[in-house]
Amino acid sequence: RADEAGTVAAEVKRGQMLGSYALVTCRLQEHELRLRLALDQAMPQVGARVHLHILSPHTCIYQNEEWVA
C-alpha cells in the first residue's frame, strides 16, 4: 500500500513462475530487486507500481549473485 510506513515504490519489470514460487523483478531507481512470492500471492502485472517492505525478517541481500546479508 502506498500509504504504509516503511515501504518504497518500485516498478515491476518481469514476473516468472518457477515451480513452487514466483520470482518478480522490480526496478527501484537504478537498482534491480528480485522478490520471491509464494504461489498463493497475486503476481503483479509488468509495468505496475508496487510498494515494498525492503527490510523484514525474511530479507536476504545479494550482490552479484553472492549473499551478503
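Located above this text is the structure these notes cover.
Residues numbered from 1 in each chain as written. Predicted model: local features only at pLDDT ≥ 70, side-chain atom pairs only at ≥ 80, totals over all residues. Heavy atoms only, no water.

(A) Fine view of the side chain of Thr 25. Here Thr 25 is to be found in strand S2 (residues 21–28). Beyond its immediate stretch of four places on either side in the chain, Thr 25 contacts Glu 11, Val 12, Lys 13, Arg 14, Glu 32, Leu 33 and Arg 34. (Helix = DSSP H or I, 4+ residues; strand = E, 2+ residues; numbered from the N terminus. Contact = heavy atoms within 4.5 Å.)

(B) Main features of the sheet that holds strand S3 (residues 31–38). Taken in spatial order, the four strands make up an open sheet running S3-S2-S1-S4, and their pairing is antiparallel. Each edge of the open sheet is held by one strand with a lone partner, namely S3 and strand S4 (49–53). Sheet twist, expressed as the mean angle between neighbouring strand axes with direction ignored, is 45°. As paired strands, S2 and S3 are joined by eight bridges and run antiparallel to one another. By the bridge assignment, Ala 22 is partnered in S3 with Leu 37. (Pairing = 2+ DSSP bridges. Axes fitted to C-alpha atoms, helices over the stretch in contact; angles between N-to-C directions.)

(C) Spatial organisation of the environment of Pro 44. Within the fold, Pro 44 resides in the loop between S3 and S4. Overall, the relative accessible area of 21% leaves Pro 44 in the partly exposed class. With 20 residues separating them in the primary sequence, Pro 44 and Val 24 have C-alpha atoms 8.1 Å apart. Residues in contact with Pro 44, not counting those within four places in the same chain, are Val 12, Val 24, Leu 37 and Val 50. (Buried < 20%, exposed > 50% of the residue type's maximum accessible area, 1.4 Å probe, protein only.)

(D) Structural view of the nonpolar core. With nine residues, the main nonpolar core is built from Ala 10, Val 12, Ala 22, Val 24, Cys 26, Leu 28, Leu 37, Val 50 and Leu 52. When contributions to this core are tallied by element, the ones reaching two or more residues are strand S1 (7–17), S2 and S4. Apart from the residues within four sequence positions on either side, Cys 26 is in contact with Ala 10, Glu 11, Val 12, Lys 13, His 31, Glu 32, Leu 33, Leu 35 and Val 50. (Core = buried A, V, L, I, M, F, W, Y, C linked by side-chain atoms within 4.5 Å.)

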